[in-house]
Structure formats: C-alpha cells, structure tokens
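Structural overview for review
Listed below are the residues making up each chain.
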Amino acid sequence: MFPIIDWNILSLEVSITAILVGLIVIDIAQPKGNSSRLVPTLSFLALGALILFWLFNGAVFGTTFNGMFVSDSLSWDFKGFFLMAMNFILTMTQQYFKTSGDRLDSFYYLLWLALLGACLLASSGDFLVLFIALEILTISLYVMTAYLKSDKLSLEAGMKYLILGALSSAFFLFGISFIYGVTHSTRFEIIKGYVDFHGMDPMMLFASILVLSAIGFKIASVPFQQWVPDVYQGAPTPVTALLSVVSKAAGFIMLIRLFFGVFNAWHIQWETVLAVLSAITMCYGNLGAMFQTNIKRLLGYSSIGHAGYLLMGAAAGSTLGASAINFYLLGYLFTNLAAFLVIVLFYNAAKSDDISDYAGLAKRSGSLAIALLLALVSLAGIPPLAGFFGKFTLLMAAVKSNLIWLALIAAVNIVISTYYYLRVVKTIYVDQPRVTTPIAVSFPVQLVIGFAITGIVVIGICQGPFLEIAMRSVNNMAFLATYVSQ
Amino acid sequence: MIGLGHYLILSGILFAIGIIGVTTSRSVLRILLSLELLLAASNLSFVTFSKFNGDYAGQLIVFFVILVAAAEVAIGLAIVVLMYRHVSSIQADDLKDLKW
C-alpha cells in the first residue's frame, strides 16, 4: 500500500530543496566569470521569502509518510530558529569571502543543504529519517569546514571533524540497529510504546547510550568534546557560527525528542547520567577557556561550557527544563551570532583572530565594539541581557527538580566564565590599539548587527512572550511523555 | 546451528575491530577504512535483525546506510588528497597545528 503523502506538511522542506536545486541550475546555466553576485543575492531573497512564509503562513501540524515525518510545535519553532540563524550566517559568508577570489557558489549550496538537514532533523519521526537528516547536516559541515583549500588549519579541522563525526554517527547507527532488533521498528511512536510497556531492558539501554553518544557529539558535551576547540578555530568563521548555533540546536532537538519523549520511561536513570555529564561539561569548557589567546578557540571552549548549562535543563527532566533549553538557545542564537559576525568583520580588516589584536577595538569601530561587548556580557550572564535570563530559567529548572548541587556548580562556573569574557572586554575597551585605522562597516551589515543587538536586549528585558513560545513548543510536542513533570 | 547470537557476536567483533582501528591507526586511509568497518558492522546487525524479525525494513535501511557511507568516504578521500598536497603525507600525526 502506498502511503498518502500530505505535501502541505512538507512545504518548508520542499521549498528549501527547490531553492537548492534552483541555485545549482542557475549557477550551471550562467556564463562563467560573472558568477560572484547572482547566487548570494538569490540566496538572500529566497531566505527572506522563507522567513516571511514561516512568519505569516502559520504552522501546518500533522504527520505524513506513515509517521516518519512529524510537524509539531517543537519542529516548527526550531525551523524558524534555523531560518533566523541562516540570515546571520549568509551575511557572514558574504562578508567573509568578500576578499578571497575562490569560486564559492558551492559554499552557498552547502549552507542550504545544511539548512535542509537541520529542518528534516527537527521533523523526523523515525530513526532512519533522523539518521539521514543528521548525515545531510554533518556531511555538508565536513565539506564546509575543510573549504579553505589553501589553509592548512582548515584542512586539519575538516579532517578531525570528519573522523570524529563519522565515528559518532557509526555509534548512532549501531544503536539504532539494536533498537530495531528489539522493537521491530524504527518509528518513534512504536519504540515509545515498547519502552513505556517494557521498561528497563538491557539491550535497549545499551542502544540508548549509543544514541546519546551521537547527541553528545553534536552538542559538544563531555566525553565527545575534544573536536570542538580545534574545529572551531580551524574552520572558516561562518562555519564555526553554524556549528555553534545550528548544529548545537539540532543536537538539543534530538535530546528533547528522544529523552523527553521516546525513552522517557527510564527518566530516573538518564536524568542522573545527564546531570553528571552536565557538571563535567561545564567545568571542562569554562576551565579550558580561561587562558585562550585565539578568540574562536575561546568561543569554542565557551560553547562547551554552554552545552553544560543547557544539559542542566535536560537533566531537570521537567517541561520547565526543556522550555528553558529552548529559551536559552534563542538567546544564544543572537548572542553568539553577533559575536561571530564581529569576528568576521574584524578578521577582514585585521587578518587575525588573536585576542591581543582586538586591543582598542572601541577606538577603531564603535559599533563592532558595542556588539562584541553586549555579546560577551550576555554570554557571561550579566543582567539584563538574554544570556542572564536564560541561565536564570535553567538554574530555576534544576533547583525545582532537586538538583541543587548541579545548580551550585553552574553558579560557580558562571562566575569563572565572567573572568575570561571580561578579559576580552577589557582588551577591547581599555588597552591601547596598535593599529588605529578605523574599520568601516557597510550599512546593510550594520543593520544586521543592529538586529542581533536588538535581539540580545529585547529577549533579556521582556522575556515573557519568548518564554511562552518556548513553553508552548515543548508542551505541544509530539511524543511528549505523559508523566513529564511540570 | 548458527543463530541470532552468532551474527550479533560477529557484528560486535567487527565493530570492536573498527573502534580499535580508528583509535590506533596513524594512517588516515586506515582510519577511513576502519570507519567503513564500523558502518559495515551496523549493516550486518540490521540485516540479521531483519532476517530474524521477519520484516524487510532492516534490509531497506542498509541501502540508505551504504549511500551515506559512500558520501562520507568520498569526502574523506577528498580531504586526504588535499592533505597529501599540503604536507606530502597521509599520517594523522602530520596534522597537529591546532593545539592550545
């Protein structure tokens, strides 16, 4: 029997695929030589159209392909999140490759491919679809990481990411094969029914640990974090931004879907595991970041630390914890992408990512300095910015679930993290610049920076509506286990 | 009589060899080969479960996995070629500039 397919549910993914194919065809069809403008411009226009579609068309909820593809509040909200992130990342790409003469239309296809993978991943209702979507996302990231062919660091980062990424997806696949063996299916719904009915089962527990290891790789949690600083430093900066926001968010969607839904029957066991992982991860990230001299590497360690904070919400195991994760990721999007945008623009002017070269940035470009200041201060969690309230909700979720020890460790870590973030701020504002040439920022890019700053401040000051969206998207999630506490 | 357990043990042994290969090899090509072995081990256990569960979904999944493995190894080999152009070697030790 051929399943009935409701294409309305797939509209976003179908459009992204159409855009991807369209861009490739246009690029092949156009004469050689003047290829540098058309694909970027069309990418921006297409993304604008998709964002308008997301905002005004309204979500279409439901399942199709026999339950393999699920569109629910969680996936729909995260698709908006990915589109928003793409907006910043396209700007970064356009700026980053401005000076290099490489033929880079293929970089735009890879960005769209990564977006497609992330959107499919958010909507998967079956382990096979989840695996394929994860691979679409990750494989396009491998290529983008190693994209600077003449740069040895980019090559090394690509190699490390490929080997560890392939290793983690092999773990994931091996885990799925056992889940399939035990439950006779890869469909989330059926697996959830099996787990709810049978409870603890050693083979399924083993399989879920393997699946957790793949998620741990994506979100950069201990013990799968070794790649993060190297890859963040070596990859082209737009790719680093993509890894730190889209790829991490993709990991957390999987975590929320699987551990608040499918495997939730064993919540006592995995909450303990996640709490321990969260504590180790945040300590590792924040201690590692203390003495870094390269800003991308610093943000790499800081991203491990943030994975630790976010895992705290998952360890809480309540819907409040899951909504805190969503809310924090939203703030993290604006904060981190603002920081990476400044890094790209600064790199174009100074050809360096060393923190010491940021000395006196405030005197060279006021807008860049303010954007980086707000981003770092928000990452450090100082009120009234987005990062502060995000950390506050995560801590609140942990305390409500009686994880007071974890909340204390997190509080200590937040204090430690202020040291290295403010060290960069001091370099920007207090130190004397070695080069005093002002850095020019074009008007459209200033608009994007302004948008990011607005995001950081608005989410921090009026949290209510955003927190409500985060809660709604978890509470109406498909496969949400019925006895997850509030 | 060869049963489910035997196949699964074989698949587990293959997986273990793959892990040992990835962690101990110095040559990038051998690491890529070991990664393929890991995916092959998963494929074997999919096919085994498909046979003993009596449905075809597992065999179908294997086709997708073969596709993904091919894409992965194609990119891996491309990076190896680039690496050879840069450092005239395919030993993983020769790429160690990124350190704190």
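Please read all numbers here as calculations on a predicted model, not as lab measurements.

About the cut-offs
- Position numbers for residues start from 1 in each chain and track the written sequence from start to end.
- All chains are assigned letters beginning with A, and all ligands numbers beginning with 1, in the order in which they are written.
- Given that this is a predicted model, residues contribute local features only at a pLDDT of at least 70 and side-chain atom pairs are listed and counted only at 80 or more, while totals for whole chains, interfaces and linings are drawn from all residues.
- Helix numbers and strand numbers start at the N terminus; a helix is a DSSP run of H or I with at least 4 residues, a strand a run of E with at least 2.
- This radius of gyration counts C-alpha atoms alone. The globule rule is 2.2 Å times how many residues there are, raised to the power 0.38.
- Exposure classification rests on a simple neighbour count of other C-beta atoms within 10 Å of a residue's own: a residue reaching 20 or more is buried, one at 12 or fewer is exposed, and one in between is partly exposed. C-beta atoms are placed from the backbone.
- Placing a C-beta atom from the backbone of each residue, one calls two residues in contact when those atoms lie within 7 Å.
- In this description, a line fitted to the C-alpha atoms serves as the axis of each element, helices being fitted only across the stretch in contact, and the angle between N-to-C directions of two axes falls anywhere from 0 to 180 degrees.
- Each crossing gets its hand from how the near helix is turned against the far one by less than a right angle, where anticlockwise is left-handed and clockwise is right-handed.
- Residue type decides the class: Asp, Glu, Lys and Arg count as charged, Ala, Val, Leu, Ile, Met, Phe, Trp, Tyr, Cys and Pro as nonpolar, and the leftover types, Gly among them, as polar.
- The predictor attaches a confidence to each residue, called pLDDT, with possible values from 0 through 100.
- By definition, a nonpolar core groups buried Ala, Val, Leu, Ile, Met, Phe, Trp, Tyr and Cys residues that connect through C-beta atoms lying within 7 Å of each other.

**Brief notes about the overall build of chain B**
What chain B contains, in helices and strands, is 3 helices and 0 strands. The C-alpha radius of gyration computed for chain B amounts to 17 Å, which surpasses the reference 13 Å derived for 100 residues by more than 25%, pointing to a less compact arrangement than a globule. Summarising its shape, the C-alpha atoms of chain B cover approximately 50 × 25 × 25 Å along the three principal directions. Burial status across chain B gives 30% buried among its 100 residues. Within chain B, residue pairs in contact and separated by at least 24 positions form 48% of the contacts whose partners lie at least 6 positions apart.

**Observations regarding the environment of S124(A)**
Residues and elements named next belong to chain A. Of note, S124 is situated in the loop between α4 (105-123) and α5 (127-145). Looking at S124, the number of C-beta atoms within 10 Å reads 23, which means it is buried. Residue contacts for S124: discarding those within four places in its chain leaves V129, L130 and A133.

**Comments concerning unusual backbone geometry**
All names here are of chain A. In this structure, P223 follows V222 across a cis peptide bond, with omega equal to 0 degrees. Turning to its location among the elements, P223 is positioned in the loop between α8 (202-219) and α9 (227-234). A cis amide bond, omega 10 degrees, links P383 with the succeeding residue P384. Structurally, P384 is set in the loop between α15 (366-380) and α16 (386-400). With a phi angle near 65 degrees, A220 is a residue other than glycine that sits in the positive phi range. Positionally, A220 belongs in the loop between α8 and α9. According to the C-beta neighbour criterion, A220 is buried, with 30 such atoms within 10 Å. One non-glycine residue, F479, adopts positive backbone phi at about 65 degrees.

**Some thoughts on the packing of helix α3 (residues 73-96) of chain A against helix α18 (residues 443-461) of chain A**
All names here are of chain A. Remark: α3 packs on α18, axes separated minimally by 11 Å, with the N-to-C direction vectors making an angle of 145 degrees. Regarding α3 and α18, the two cross each other, and that crossing is left-handed. For the pair formed by α3 and α18, the contact residues are F88, T91 and Q95 on the first element and V445, V448 and A452 on the second. Looking at the contact of α3 with α18 residue by residue, the class counts come to 4 nonpolar, 2 polar and no charged.

**Regarding the confidence of the model for chain B**
Summarising the model, chain B shows a mean pLDDT of 91, and 99% of its residues fall at 70 or more. Listed scores for the predicted complex are pTM 0.94 and ipTM 0.95.

**Notes on the interface of chain A and chain B**
On the side of chain B, 32 residues touch chain A, which itself brings 32 residues to the contact. For the side of chain A that touches chain B, the element with the highest residue contribution is helix α6 (residues 152-183) of chain A, accounting for 17 residues. Looking at the side of chain A that touches chain B residue by residue, the classes come out as 19 nonpolar, 8 polar and 5 charged.

**Quick notes on the nonpolar core**
Residues and elements named next belong to chain A. In terms of nonpolar packing, the biggest core is built from 219 residues, with A85, L337, A338, L341 and A452 touching the most fellow members. At 21 residues, the largest contribution of residues to this core is made by helix α13 (residues 319-350). Excluding residues that lie within four positions of it along the chain, L341 makes contacts with F88, T91, M92, V448, I449 and A452.

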